[in-house]
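Residues per chain are reported as follows:
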Amino acid sequence: QTCILCRLEMNNCWIGFQGVAALAHVLKNNVTLQVLQIAKNDLGDKGAVCIAALVRANKQLVDLDLSMNGITSAVAEQLSDAFKGNQTLQCVDLSDNAIDDQGAELLAKGIDGMKSLAEF
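Conventions and cut-offs
- Residues numbered from 1 in each chain as written.
- Predicted model: local features only at pLDDT ≥ 70, side-chain atom pairs only at ≥ 80, totals over all residues.
- Heavy atoms only, no water.
- Pairing = 2+ DSSP bridges.
- Helix = DSSP H or I, 4+ residues; strand = E, 2+ residues; numbered from the N terminus.
- Axes fitted to C-alpha atoms, helices over the stretch in contact; angles between N-to-C directions.
- Phe/Tyr/Trp six-rings, centres within 6.5 Å; stacked < 30°, edge-to-face > 60°.
- Buried < 20%, exposed > 50% of the residue type's maximum accessible area, 1.4 Å probe, protein only.
- Salt bridge = Lys/Arg side-chain N within 4 Å of Asp/Glu carboxyl O.
- Disulfide = S-S within 2.5 Å.
- Expected span 1.5 Å × (residues − 1).
- Core = buried A, V, L, I, M, F, W, Y, C linked by side-chain atoms within 4.5 Å.
- Contact = heavy atoms within 4.5 Å.

A.B. asks: Explain the sheet that holds strand β3 (residues 63–65) to me, please; I cannot follow it from the model alone.
C.D. replies: Adjacent strands of a sheet pair through backbone hydrogen bonds, lying either parallel or antiparallel. Taken in spatial order, the 4 strands line up as β1-β2-β3-β4 in an open sheet, and their pairing is parallel. Among the strands making up the open sheet, the edge pair consists of β1 (7–9) and β4 (91–93). In this sheet, adjacent strand axes meet at a mean angle of 5 degrees when their direction is disregarded.

A.B. asks: In this structure, what is going on with the packing of aromatic side chains? I would like to understand it.
C.D. replies: Across all of its chains, the model carries 1 aromatic pair by this definition. A centroid spacing of 6.0 Å and a plane angle of 85 degrees characterise the contact between Phe83 and Phe120, whose relative ring orientation is edge-to-face. Of this pair, Phe83 sits in helix α3 (residues 76–83) while Phe120 sits in the segment after α4 (101–111), placing them 37 residues apart in sequence. Accessibility expressed as a relative area gives 41% for Phe120, which makes it partly exposed.

A.B. asks: Can you walk me through the pattern of salt bridges in this structure?
C.D. replies: Two side chains with opposite charge may pair up if their charged atoms get near one another. Enumeration according to the criterion identifies 2 salt bridges in this entry. The partner of Arg7 in a salt bridge is Glu9, with the nearest N and O atoms 2.5 Å apart. The class for Glu9 is partly exposed, based on a relative accessible area of 45%. Measuring nitrogen to oxygen at the nearest pair gives 3.4 Å for the salt bridge that ties Lys84 to Asp81.

A.B. asks: Would you mind showing me how to read the state of the cysteines here?
C.D. replies: Disulfide: a covalent bond connecting the sulfur atoms of a pair of cysteines. The final tally for this structure, using the stated rule, is 0 disulfides. Between Cys50, a free cysteine, and Cys13, which holds the nearest cysteine sulfur, the sulfur-to-sulfur gap is 17 Å. A relative accessible area of 18% places Cys50 in the buried class.

A.B. asks: Looking at this structure, how should I read helix α2 (residues 44–57)?
C.D. replies: Side chains three or four residues apart in an α-helix point the same way, a direct result of the helix having 3.6 residues per turn. Here α2 spans 20 Å end to end across 14 residues, near enough to the 20 Å set by a 1.5 Å rise per residue. For α2, the full list of buried residues reads Gly44, Gly47, Ala48, Cys50, Ile51, Ala52, Leu54 and Val55.

A.B. asks: What's the story with the nonpolar core in this structure? I'm lost.
C.D. replies: Where a protein is soluble and globular, its nonpolar side chains tend to be buried together. Grouped together as the largest cluster of nonpolar side chains are 31 residues, with contacts concentrated most on Leu36, Ile51, Leu64 and Phe83. Mapped onto this core, the elements with two or more residues apiece are α1 (16–27), α2, α3 and α4. For this core, the element with the highest residue contribution is α2, accounting for 6 residues. Setting aside its immediate chain neighbours within four residues, Ile51 contacts Val20, Leu36, Ile38, Leu43, Leu64 and Leu66.

Shown next as structure tokens:
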């Protein structure tokens, strides 16, 4: 029997970098995940890099919530690169992170041309 994972909500679980690294490893070959909500998990920049790799690999993801995770502008370029060319993401939430104006500009370059994106 096959188990299909389409939605994963793990908000406020405080899994940290090690938890998200393990999660990203498990999900790297998942082709059905559409919603990933992992707000308030203390992912930090290292965790954001793991999620960026997951976004690059997943072509079905439509909703990504990374709010309140201590993500800084230091990884804005990696996130931006992950968003480039993505045609499925409709909603990305990076609110309440430490992303400054320069980081926001880098992210804006990544989402430019994302026709599916409705909310960022």
